[in-house]
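Here is how the chains run, residue by residue.
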Amino acid sequence: MTLGRAHVAGMAAGLAALLSGCLGPGPMPMQGLNRSLAEQGSQGEPSLSGRWLALIANRQGRDRVELVDVERQRPVPLPGLNRPDALPLSVSVSADGSRLAVVRQREGRTELVLHRRTVMSSEPIRMEPEGVPRRATLRADGREIAVEVSRGGLVQVDLIAVP
Amino acid sequence: MSGNGQWLASLVEREGTPAVLLQEQPSGRRIPLPQLRGLTPHRSPSLSWNGRYLALLVQQGPRRLAVVEDRARGRLHRLQLPAGLELERLSLAPDGRRLAVAAVAQGRSQVRLFDLSGFLEPDLPPAWAVRGAPAVSGEAP
């Protein structure tokens with residue numbers, strides 16, 4: 001018995017997928033959401049957690065933090081977070097979307113703030129010992145932040161518990 | 001940081017060469033990443049919930065690639081993303097079902113999302129495990 005070339009190739013691809021632990025062909029673009037994001041100008045610094053995508057978007061020449069509900073494919077307002085005197089550099093969102101850690105420049109300083117959507121307020125988080133925060137990542141439950149901190153020419157990672 | 005806070009991945013420089021450092025918390029114990037050996041990490045190490053998946057950007061010649069190390073299976077996945085994207089940042093959802101990348105295309109930085117649910121097994125917190133779904137919790141070394 002002989003096997004056709006296509007049949008052998010199909011078997012090989014299936015075997016390769018099985019061995020690699022992959023379930024399917026590869027990453028699938030989320031076309032609807034990507035189209036909607038593309039229409040809204042430039043963006044960067046994405047953070048995905050749960051159903052939430054946080055990012056920094058440029059709107060009319062100003063950078064601002066935005067939050068998108070990926071399931072509903074629509075933006076969610078963030079009252080109390082974006083300020084006209086602040087430039088966001090990095091953002092991270094918790095899995096339930098209730099907390100965002102933001103590194104931003106304000107009044108000549110770089111600061112880390114934790115924004116709680118439920119109370120619509122942002123609380124500064126101090127670096128101890130003093131340092132310049134560069135990037136922050138929230139644990140999925142929003143109770144801990146890993147922060148890249150620049151101190152005296154060295155970059156260190158601090159873990160900060162937040163109540 | 002992994003979704004459960006147990007694992008922390010960061011980029012470090014060893015003798016002038018960039019490397020990915022994976023540590024268990026709170027002990028700080030270093031965990032080897034054999035699948036990434038020989039690759040030049042570039043940016044954005046991102047861990048799934050239980051630390052099973054580590055996604056990051058690597059530099060390969062003039063190109064940046066998005067890769068995912070599956071620590072449970074000891075496999076490295078090179079993600080096939082659309083051509084012409086200059087990858088800047090990456091974020092893997094804690095459950096491993098979605099990936100967001102920031103990439104420059106035609107001079108403009110854009111965030112794009114990709115569905116990985118048909119590609120990778122989910123990495124869920126133990127309480128969220130679905131009956132009949134592949135067991136993933138605790139498989140990571």
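### Observations regarding the overall build of chain A
In terms of helices and strands, chain A carries 2 helices and 12 strands. Mapped in sequence order, the helices and strands of chain A form the string α-β-α-β-β-β-β-β-β-β-β-β-β-β. Within the span of chain A, comprising 163 residues, buried residues form 44% of the whole. Sequence separation of 24 or more characterises 33% of the internal contacts of chain A that already satisfy a separation of 6 or more. Taken as a whole, chain A presents about 8800 Å² of accessible surface, with 53% of it coming from carbon and sulfur.

### Thoughts on the confidence of the model for chain A
In the predicted model, chain A carries a mean pLDDT of 88, and the fraction of residues at 70 or more is 85%. Taken together, the stretch residues 12–22 of chain A has pLDDT below 50 and engages in 9 contacts with residues farther than four places along the chain or on a different chain.

### Some points on the nonpolar core
Membership of the largest hydrophobic core comes to 19 residues, with the highest contact counts inside it found for Ala66, Leu79, Leu81, Leu87 and Leu99 of chain B. Secondary-structure elements contributing two or more residues to this core are strand S5 (53–60), strand S6 (63–70), strand S8 (86–92) and strand S9 (98–105) of chain B. For this core, the element with the highest residue contribution is S9 of chain B, accounting for 4 residues. With sequence-adjacent residues up to four places away left out, Leu79 of chain B is seen in contact with Pro27 of chain A together with Ala66, Val68, Leu99 and Phe119 of chain B. Core analysis: the next-biggest nonpolar cluster, separate from the first, contains 15 residues, Leu22, Leu36, Leu47 and Val67 of chain B among them.

### Remarks on the pairing of strand S2 (residues 17–24) of chain B
Residue and element names in this part refer to chain B. By the criterion of burial, S2 is predominantly enclosed, with 6 of the 8 residues buried. Of the pairings in the sheet, the one linking strand S1 (residues 7–14) to S2 comprises 8 bridges and is antiparallel in character. Bridging across to S2, Leu8 finds its partner in Gln23. Between S1 and S2, which pair antiparallel in sequence order, lie 2 residues; one of them, Glu15, sits at a positive phi of approximately 50 degrees. In this structure, S2 lies alongside strand S3 (residues 30–31), joined through 2 bridges in antiparallel fashion. In the strand pairing of S3, Leu22 is matched with Ile31. Joining the antiparallel neighbours S2 and S3 is a turn of 5 residues, in which Gly28 adopts a positive phi near 80 degrees.

Conventions and cut-offs
- Residues numbered from 1 in each chain as written.
- Chains lettered and ligands numbered in written order.
- Predicted model: local features only at pLDDT ≥ 70, side-chain atom pairs only at ≥ 80, totals over all residues.
- Heavy atoms only, no water.
- Helix = DSSP H or I, 4+ residues; strand = E, 2+ residues; numbered from the N terminus.
- Buried < 20%, exposed > 50% of the residue type's maximum accessible area, 1.4 Å probe, protein only.
- Contact = heavy atoms within 4.5 Å.
- Areas by Shrake-Rupley, 256 points an atom, 1.4 Å probe, with all protein chains shown as cover.
- pLDDT = per-residue confidence, 0-100.
- Core = buried A, V, L, I, M, F, W, Y, C linked by side-chain atoms within 4.5 Å.
- Pairing = 2+ DSSP bridges.

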